[in-house]
Amino acid sequence: MDQLTASSPCNVVIFGGNGDLAIRKLLPALYNLDRTGYLGDNTRVIGASRTDLGHDGYLDLVKQGLDQFVDRAQWDEAVWERFSKRLTYVAVNAREPETFKNLAAELDQDFSCQDTVYYLSTAPDFFGEISRNLNEAGLVNSSSRVVLEKPIGKSLASSKVINDGVSEIFAENNIYRIDHYLGKETVQNLLAVRFANALFEPVWTNAHIDNVQITVAETVGVEGRWGYYDDSGALRDMIQNHLLQLLCLVAMGVPVSLDADAVRAEKLKVLKSLQTMSLDKVRRNTVRAQYAAGNVGGKAVPGYKEEEGGKPNSQTETFVAIRADIHNWRWRGVPFYLRTGKRLPARYSEIVIQFKDVPHSIFPEGSNLASNKLVIRLQPEESIQLNMMNKLPGLGEGMQVTPVTLNLTMPDHIADSRVPEAYERLILDVIRGNSTLFVHRDEVEAAWVWADAILDGWKQSTVAPHSYPAGSWGPQAAFELVARDGRSWQESN
Ligand SMILES: NC(=O)c1ccc[n+]([C@@H]2O[C@H](COP(=O)([O-])OP(=O)(O)OC[C@H]3O[C@@H](n4cnc5c(N)ncnc54)[C@H](OP(=O)(O)O)[C@@H]3O)[C@@H](O)[C@H]2O)c1
């Protein structure tokens, strides 16, 4: 386990404190930070939302949420006693500046005595308004931080409006844009594997790597949020943020340090080297599709348009496969295949770095020499494995070789037995004022430039999205996208 240092006392104010994300993820993360000793003594957690729940009503709601979303093995009545004393609730309407006085009264002297974090877990349309109203209520000083949930806009233009609104009040170094994939232990471990070992960096180039595949597969459909999803689609919901952030961590050069600015500089270089696609490239290098009725995990499920609230003329993509090309010296000619979709046969997120074949085989004809692969699994379980070839033991004639897996996952005797949730790491980093694992405005904008070109291309296309049966790995066109390059998707087992 790493060294335990309780953070300095802090006021954590959650706008949208009674919403789905707060109840399912943020408050369980704060509970666990308290349980593991990372919350400073006077740290307070203040839920702030429109509904007038009252203090007791909020406590009941949070308790019910923790009962449901905290693992029973981590439940400790004494911790709840302590955590519940940190909790309060104020009714604040983002659109009504005078209600911010309720928050000012609640924070009172604590505002000047300790840092304050505003976690905006509301629709992004509110971000600018909440920032302005906080400032007008005298609740922003040079150490106040603001956390922004995704999505930061639906395009470059709308992201600029949101970022401009928040930047009027908060300096960029006090703005923490969350991409919770960056809080996963394995994603951070990717940095350790790459940069704390001399082994990988020399081969981390187009001379040795054949292709990179990043897959985020979901079995679920739209889960009752058809309208919200239809407005977004898989490219905006997944690729523009999560998959591009993962791509950056794989593709970036060695930063001069782990400081936020140094890491951002390297990630930004990658995003700026992503080739913006022409119409022709969009047609050739992207596949969008929508699920039709099918069968997932033995259960019949309706098609996307037939889901509750669905509309028959929707063209929104629930699946995307893309060949992305990074135009720099390191990655010239190495395709990055990105794939995400709903109603796929399995739920997992994985990065596969596929190395080139050995240039010449000296082994008996028919030896199946598999190329080396570094497989980084982010969910459901987290692991890093290196696939290599080894000799098959035995006295048979000729040397027989077989693939083996080298497990780079932290052994239990070293690791804390429990891998912290991404939100625990990220919230603690905000409290500590460490923004390395957060996304800078420049990155958001560079990612939108690339995504907008694809969205524009689709808009101009007269071809409707492909269809795939729920429970399949997407449309035939997604297989053809990689087969055309003489490659295939790494199917998960
Ligand atoms: N849920 C997730 O897993 C998830 C994952 C990633 C990102 N996000 C993003 O996180 C944000 C919150 O998502 P969510 O799923 O928690 O949404 P949600 O369940 O709909 O919650 C929205 C919250 O916003 C509050 N709110 C609405 N209007 C308000 C106003 N005028 N003033 C103050 N508060 C107001 C609501 O409070 P009242 O109920 O009191 O009106 C509620 O607490 C969204 O931007 C979403 O895209 C969510």
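Scroll up a little and you will see the structure.
Here we summarise the structure given alongside this text.

Analysis parameters
- Residues numbered from 1 in each chain as written.
- Predicted model: local features only at pLDDT ≥ 70, side-chain atom pairs only at ≥ 80, totals over all residues.
- Heavy atoms only, no water.
- Patch = residues over 30% accessible without salt bridge, like charges linked within 9 Å, V, L, I, M, F, W, Y side chains within 5 Å.
- Areas by Shrake-Rupley, 256 points an atom, 1.4 Å probe, with all protein chains shown as cover.
- Salt bridge = Lys/Arg side-chain N within 4 Å of Asp/Glu carboxyl O.
- Helix = DSSP H or I, 4+ residues; strand = E, 2+ residues; numbered from the N terminus.
- Phe/Tyr/Trp six-rings, centres within 6.5 Å; stacked < 30°, edge-to-face > 60°.
- Buried < 20%, exposed > 50% of the residue type's maximum accessible area, 1.4 Å probe, protein only.
- Lys NZ or Arg CZ within 6 Å of the ring centre and 35° of its normal.
- Core = buried A, V, L, I, M, F, W, Y, C linked by side-chain atoms within 4.5 Å.
- Domains from an automatic or database assignment.

**Some thoughts on a nonpolar patch on the surface**
A surface patch of nonpolar side chains, about 220 Å² in accessible area, is lined by Met-388, Leu-406 and Leu-408. In this structure, Met-388 sits in strand E15 (residues 383-391).

**A short note on the packing of aromatic side chains**
This structure, assessed with the given rule, holds 17 aromatic pairs. Each ring, one from Phe-15 and one from Tyr-118, has its centre 6.5 Å from the other, and the planes form 50 degrees; the classification is tilted. On the criterion of sequence distance, the pair formed by Phe-15 in strand E1 (residues 10-15) and Tyr-118 in strand E4 (residues 115-120) is long-range, its members being 103 residues apart. For Phe-15, a relative accessible area of 2% puts it in the buried group. For the ring pair Tyr-31 and Trp-75, a centre distance of 5.0 Å and an interplane angle of 10 degrees mean the geometry is stacked. Of this pair, Tyr-31 sits in helix H1 (residues 20-35) while Trp-75 sits in the loop between helix H2 (54-69) and helix H3 (77-86); the two residues are 44 residues apart in sequence, bridging distant segments of the chain. When sorted by exposure, Tyr-31 lands in the same class as Trp-75, which is buried. Site record: aromatic cluster; members linked through ring pairs are Trp-226, Tyr-229, Tyr-291, Tyr-304, Phe-319 and Tyr-468. In this arrangement the basic side chain of Lys-184 is found over the ring face of Tyr-181, its NZ or CZ atom lying 5.8 Å from the centre. If you follow Arg-339 out to its NZ or CZ, it ends over the ring of Trp-489, 4.2 Å from the centre.

**Description of the pattern of salt bridges**
This structure, assessed with the given rule, holds 31 salt bridges. With a shortest N-O distance of 3.8 Å, Arg-283 and Asp-280 are connected by a salt bridge. Of this pair, Arg-283 and Asp-280 both sit in helix H12 (residues 279-285), three residues apart, roughly one helical turn. Residue class for Arg-283 comes out exposed when judged on its relative accessible area of 61%. Taking the relative accessible area as the measure of exposure, Asp-280 reaches 48% and is therefore partly exposed. We note a salt bridge from Asp-325 to Arg-323, for which the minimum N-O separation is 2.8 Å. For Arg-323, a relative accessible area of 16% translates into the label buried. If you follow the salt bridges from partner to partner, you end up with Arg-323, Asp-325, Arg-484 and Asp-485 in one network.

**Here we look at the nonpolar core**
Phe-15, Leu-27, Leu-103, Tyr-118 and Trp-450 are the most contacted members of the largest nonpolar core, which totals 146 residues. The leading source of residues in this core is helix H10 (residues 234-251), at twelve residues. Domain assignment of the residues forming this core places at least three in each of domain 1 (10-149) and domain 2 (182-483).

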